[in-house]
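# Structural overview
Letter by letter, the chains look like this.
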Amino acid sequence: SQTIHQWPATLVQPVGSPLSLECTVEGTSNPNLYWYRQAAGRGLQLLFYSVGIGQISSEVPQNLSASRPQDRQFILSSKKLLLSDSGFYLCAWKAKNIQYFGAGTRLSVL
Amino acid sequence: QQPVQSPQAVILREGEDAVINCSSSKALYSVHWYRQKHGEAPVFLMILLKGGEQKGHDKISASFNEKKQQSSLYLTASQLSYSGTYFCGTEERQGGKLIFGQGTELSVKP
(Lines give C-alpha, C1' and ligand atoms only; values in the text may rest on other atoms or scores of the structure.)
Protein backbone atom coordinates (compact mmCIF):
# COMPACT_ATOMS: atom_id res chain seq x y z
CA SER A 1 0.00 0.00 0.00
CA GLN A 2 1.02 3.58 -0.51
CA THR A 3 2.36 5.64 2.36
CA ILE A 4 3.74 9.14 2.72
CA HIS A 5 6.49 10.06 5.14
CA GLN A 6 7.24 13.55 6.33
CA TRP A 7 9.87 14.66 8.81
CA PRO A 8 10.63 16.08 11.20
CA ALA A 9 7.31 16.29 13.05
CA THR A 10 8.29 19.50 14.83
CA LEU A 11 11.04 22.00 14.27
CA VAL A 12 12.15 25.17 16.03
CA GLN A 13 14.47 27.39 14.05
CA PRO A 14 15.93 30.87 14.59
CA VAL A 15 15.20 33.68 12.15
CA GLY A 16 17.72 33.71 9.32
CA SER A 17 18.56 30.02 9.54
CA PRO A 18 18.11 27.63 6.59
CA LEU A 19 15.33 25.07 6.26
CA SER A 20 14.98 21.68 4.65
CA LEU A 21 11.83 19.58 4.97
CA GLU A 22 11.63 16.23 3.26
CA CYS A 23 8.70 14.19 2.06
CA THR A 24 8.85 10.73 0.51
CA VAL A 25 6.15 8.51 -0.89
CA GLU A 26 6.25 4.71 -0.98
CA GLY A 27 4.28 2.23 -2.97
CA THR A 28 3.63 4.28 -6.06
CA SER A 29 5.51 5.74 -8.99
CA ASN A 30 5.38 9.17 -10.62
CA PRO A 31 2.93 10.67 -8.13
CA ASN A 32 1.82 14.30 -8.22
CA LEU A 33 3.30 15.88 -5.08
CA TYR A 34 2.26 19.01 -3.21
CA TRP A 35 3.44 21.28 -0.40
CA TYR A 36 0.85 23.18 1.62
CA ARG A 37 1.25 25.54 4.54
CA GLN A 38 -1.28 26.19 7.25
CA ALA A 39 -0.87 29.18 9.54
CA ALA A 40 -2.32 28.81 13.04
CA GLY A 41 -6.12 28.64 12.86
CA ARG A 42 -6.12 29.21 9.13
CA GLY A 43 -6.73 27.36 5.88
CA LEU A 44 -4.48 25.29 3.63
CA GLN A 45 -2.35 27.36 1.28
CA LEU A 46 -0.85 25.57 -1.72
CA LEU A 47 2.85 26.47 -2.00
CA PHE A 48 4.30 24.18 -4.68
CA TYR A 49 3.33 21.19 -6.74
CA SER A 50 5.23 18.79 -8.95
CA VAL A 51 4.09 16.41 -11.66
CA GLY A 52 7.51 14.83 -12.17
CA ILE A 53 11.23 14.87 -11.39
CA GLY A 54 12.64 18.37 -11.68
CA GLN A 55 9.20 19.86 -12.49
CA ILE A 56 8.11 22.40 -9.89
CA SER A 57 5.26 24.89 -10.06
CA SER A 58 5.22 27.71 -7.55
CA GLU A 59 1.90 29.08 -6.41
CA VAL A 60 2.93 31.89 -4.12
CA PRO A 61 6.07 34.06 -4.46
CA GLN A 62 7.84 33.81 -1.13
CA ASN A 63 10.91 32.93 0.83
CA LEU A 64 10.65 29.23 0.04
CA SER A 65 11.66 26.89 -2.78
CA ALA A 66 10.96 23.28 -3.63
CA SER A 67 12.84 20.53 -5.41
CA ARG A 68 12.09 17.04 -6.59
CA PRO A 69 15.41 15.24 -7.01
CA GLN A 70 13.84 11.78 -7.21
CA ASP A 71 10.49 10.43 -8.35
CA ARG A 72 9.11 9.94 -4.85
CA GLN A 73 10.98 12.66 -2.97
CA PHE A 74 9.86 16.26 -2.53
CA ILE A 75 11.89 18.80 -0.58
CA LEU A 76 10.90 22.21 0.75
CA SER A 77 13.75 24.63 1.44
CA SER A 78 14.59 28.12 2.53
CA LYS A 79 17.95 29.88 2.68
CA LYS A 80 16.89 32.30 5.42
CA LEU A 81 13.77 31.79 7.49
CA LEU A 82 11.46 34.65 8.41
CA LEU A 83 9.10 34.86 11.38
CA SER A 84 6.21 34.66 8.92
CA ASP A 85 7.41 31.22 7.76
CA SER A 86 6.07 29.67 10.96
CA GLY A 87 3.23 27.23 10.40
CA PHE A 88 2.17 23.67 9.77
CA TYR A 89 3.71 22.31 6.57
CA LEU A 90 1.94 19.47 4.86
CA CYS A 91 3.14 17.31 2.02
CA ALA A 92 0.52 15.55 -0.08
CA TRP A 93 0.33 13.18 -3.00
CA LYS A 94 -2.45 12.34 -5.39
CA ALA A 95 -3.59 8.95 -6.62
CA LYS A 96 -6.71 8.25 -8.67
CA ASN A 97 -8.05 11.76 -8.12
CA ILE A 98 -7.70 11.54 -4.34
CA GLN A 99 -5.15 13.60 -2.46
CA TYR A 100 -3.59 12.24 0.73
CA PHE A 101 -1.66 14.25 3.29
CA GLY A 102 1.41 13.38 5.29
CA ALA A 103 1.45 13.91 9.06
CA GLY A 104 2.95 17.37 8.69
CA THR A 105 5.82 19.36 10.18
CA ARG A 106 5.08 22.06 12.71
CA LEU A 107 7.67 24.82 12.21
CA SER A 108 8.23 27.58 14.72
CA VAL A 109 10.57 30.38 13.69
CA LEU A 110 11.80 32.39 16.68
CA GLN B 1 -9.50 30.93 -7.03
CA GLN B 2 -10.21 29.92 -3.44
CA PRO B 3 -13.68 28.43 -2.84
CA VAL B 4 -15.83 30.04 -0.16
CA GLN B 5 -17.18 27.97 2.70
CA SER B 6 -20.12 28.74 4.94
CA PRO B 7 -20.71 28.87 7.79
CA GLN B 8 -17.31 29.62 9.30
CA ALA B 9 -18.22 27.82 12.50
CA VAL B 10 -21.09 25.78 13.86
CA ILE B 11 -21.88 24.29 17.26
CA LEU B 12 -24.12 21.24 17.51
CA ARG B 13 -25.51 18.97 20.17
CA GLU B 14 -25.00 15.26 19.66
CA GLY B 15 -27.64 13.92 17.31
CA GLU B 16 -28.26 17.20 15.50
CA ASP B 17 -27.73 17.73 11.79
CA ALA B 18 -25.53 20.24 9.98
CA VAL B 19 -24.85 21.43 6.45
CA ILE B 20 -21.61 22.97 5.26
CA ASN B 21 -21.55 24.75 1.93
CA CYS B 22 -18.74 25.33 -0.54
CA SER B 23 -19.03 27.58 -3.57
CA SER B 24 -16.69 28.55 -6.38
CA SER B 25 -16.66 31.29 -8.97
CA LYS B 26 -15.13 28.88 -11.48
CA ALA B 27 -16.43 25.80 -13.28
CA LEU B 28 -15.33 22.73 -11.38
CA TYR B 29 -14.22 19.23 -12.27
CA SER B 30 -14.37 17.89 -8.73
CA VAL B 31 -14.94 18.80 -5.11
CA HIS B 32 -13.12 17.08 -2.26
CA TRP B 33 -14.05 17.13 1.42
CA TYR B 34 -11.61 16.70 4.30
CA ARG B 35 -11.83 16.79 8.08
CA GLN B 36 -8.95 18.00 10.23
CA LYS B 37 -8.72 17.35 13.94
CA HIS B 38 -6.76 19.82 16.03
CA GLY B 39 -3.00 19.36 15.55
CA GLU B 40 -3.40 16.65 12.92
CA ALA B 41 -3.26 16.44 9.14
CA PRO B 42 -6.48 16.66 7.10
CA VAL B 43 -8.15 13.33 6.42
CA PHE B 44 -9.96 12.61 3.17
CA LEU B 45 -13.73 12.11 3.49
CA MET B 46 -15.08 11.98 -0.03
CA ILE B 47 -14.82 13.20 -3.59
CA LEU B 48 -17.56 14.39 -5.90
CA LEU B 49 -16.91 14.38 -9.60
CA LYS B 50 -18.47 16.37 -12.40
CA GLY B 51 -21.76 14.81 -13.33
CA GLY B 52 -23.78 15.26 -10.17
CA GLU B 53 -22.27 12.26 -8.48
CA GLN B 54 -23.09 12.07 -4.80
CA LYS B 55 -21.01 10.03 -2.43
CA GLY B 56 -21.65 9.08 1.14
CA HIS B 57 -19.67 7.96 4.12
CA ASP B 58 -21.61 6.63 7.08
CA LYS B 59 -23.90 9.46 8.16
CA ILE B 60 -21.89 12.01 6.21
CA SER B 61 -22.89 12.66 2.62
CA ALA B 62 -22.36 15.37 0.06
CA SER B 63 -23.78 16.75 -3.15
CA PHE B 64 -22.29 18.64 -6.09
CA ASN B 65 -24.28 21.08 -8.21
CA GLU B 66 -22.14 21.77 -11.28
CA LYS B 67 -24.34 24.54 -12.64
CA LYS B 68 -24.21 26.49 -9.41
CA GLN B 69 -20.57 25.50 -8.86
CA GLN B 70 -21.50 24.50 -5.33
CA SER B 71 -21.12 21.54 -3.05
CA SER B 72 -22.74 20.81 0.29
CA LEU B 73 -21.64 18.42 3.03
CA TYR B 74 -24.41 16.91 5.13
CA LEU B 75 -23.74 15.57 8.60
CA THR B 76 -26.71 13.78 10.11
CA ALA B 77 -27.19 12.61 13.68
CA SER B 78 -23.83 14.13 14.57
CA GLN B 79 -21.45 12.34 16.92
CA LEU B 80 -18.75 13.76 19.17
CA SER B 81 -16.17 12.34 16.77
CA TYR B 82 -17.44 14.64 14.02
CA SER B 83 -15.83 17.64 15.72
CA GLY B 84 -13.05 19.26 13.73
CA THR B 85 -12.49 21.65 10.89
CA TYR B 86 -14.00 20.70 7.54
CA PHE B 87 -12.36 21.82 4.32
CA CYS B 88 -13.60 21.64 0.80
CA GLY B 89 -11.05 21.49 -1.96
CA THR B 90 -11.89 22.26 -5.57
CA GLU B 91 -10.27 21.13 -8.77
CA GLU B 92 -10.95 22.96 -12.05
CA ARG B 93 -9.72 20.18 -14.31
CA GLN B 94 -8.82 16.54 -13.98
CA GLY B 95 -5.32 16.20 -12.57
CA GLY B 96 -5.25 19.85 -11.58
CA LYS B 97 -4.25 21.36 -8.28
CA LEU B 98 -6.56 21.25 -5.30
CA ILE B 99 -7.40 24.64 -3.82
CA PHE B 100 -8.99 24.65 -0.38
CA GLY B 101 -11.61 26.84 1.22
CA GLN B 102 -10.94 28.60 4.49
CA GLY B 103 -12.55 25.83 6.54
CA THR B 104 -15.62 25.39 8.74
CA GLU B 105 -15.06 24.63 12.41
CA LEU B 106 -17.60 22.14 13.71
CA SER B 107 -18.01 21.46 17.43
CA VAL B 108 -20.30 18.71 18.65
CA LYS B 109 -21.23 18.93 22.33
CA PRO B 110 -22.67 16.13 24.46
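Heads up: these notes are all about the structure in this document. What you see is a predicted model; the values in this text were computed from it and never measured. (Residues numbered from 1 in each chain as written. Chains lettered and ligands numbered in written order. Predicted model: local features only at pLDDT ≥ 70, side-chain atom pairs only at ≥ 80, totals over all residues. Heavy atoms only, no water.)

## Topic: the environment of L46 of chain A
Topologically, L46 of chain A is positioned in strand β5 (residues 45-52). A residue is classified by how much of its surface remains accessible, and L46 of chain A, at 6% relative accessible area, is buried. In this structure, the C-alpha to C-alpha distance between L46 of chain A and Y36 of chain A, residues ten residues apart in sequence, is 4.4 Å. When near neighbours in sequence (up to four residues on either side) are disregarded, L46 of chain A contacts Y34, W35, Y36, E59 and V60 of chain A together with K97, L98 and I99 of chain B. (Helix = DSSP H or I, 4+ residues; strand = E, 2+ residues; numbered from the N terminus. Buried < 20%, exposed > 50% of the residue type's maximum accessible area, 1.4 Å probe, protein only. Contact = heavy atoms within 4.5 Å.)

## A short note on the pattern of salt bridges
All names here are of chain A. Tallying each qualifying case throughout the model produces four salt bridges over all chains. Residue R37 pairs with D85 through a salt bridge whose shortest N-O separation is 3.6 Å. One end of the pair, R37, is in strand β4 (residues 32-38); the other, D85, is in the loop between β8 (73-78) and β9 (87-95), and 48 residues separate them in sequence. Note on D85: relative accessible area 3%, which makes it buried. Across the pair D71 and R68 runs a salt bridge whose closest N-O atoms are separated by 3.4 Å. (Salt bridge = Lys/Arg side-chain N within 4 Å of Asp/Glu carboxyl O.)

## Considerations on the sheet that holds strand β7 (residues 65-70) of chain A
Residue and element names in this part refer to chain A. One open sheet accounts for four strands, arranged β1-β3-β8-β7; its pairing is antiparallel. Two strands in the sheet have a free side with no partner beyond their single neighbour: β1 (3-7) and β7. Neighbour-to-neighbour, the strand axes of this sheet turn through a mean angle of 20°, independent of strand direction. Sheet analysis places strand β3 (residues 19-26) next to β8, joined by six bridges and oriented antiparallel. If you follow E22 over to β8, its bridge partner there is I75. (Pairing = 2+ DSSP bridges. Axes fitted to C-alpha atoms, helices over the stretch in contact; angles between N-to-C directions.)

## A few points about the layout of surface pockets
In this structure, the largest pocket occupies an estimated 710 Å³ of space. Residue lining of the largest pocket: 29 residues in total, with Q38, A39, A40, G41 and R42 of chain A positioned closest to the centre. At the level of elements, β4, β9 and β11 (105-109) of chain A together with β9 (84-91) and β11 (104-109) of chain B are the ones that each hand at least two residues to the lining of the largest pocket. Ranked by the residues each element gives to the lining of the largest pocket, the list is headed by β11 of chain B, at four residues. (1 Å grid on protein atoms, 1.4 Å probe; cavity = no way out; pocket = protein on both sides within 12 Å on 5 of 7 lines; lining within 4 Å. Points joined across faces, edges and corners; volume = space filled by probe spheres on them.)

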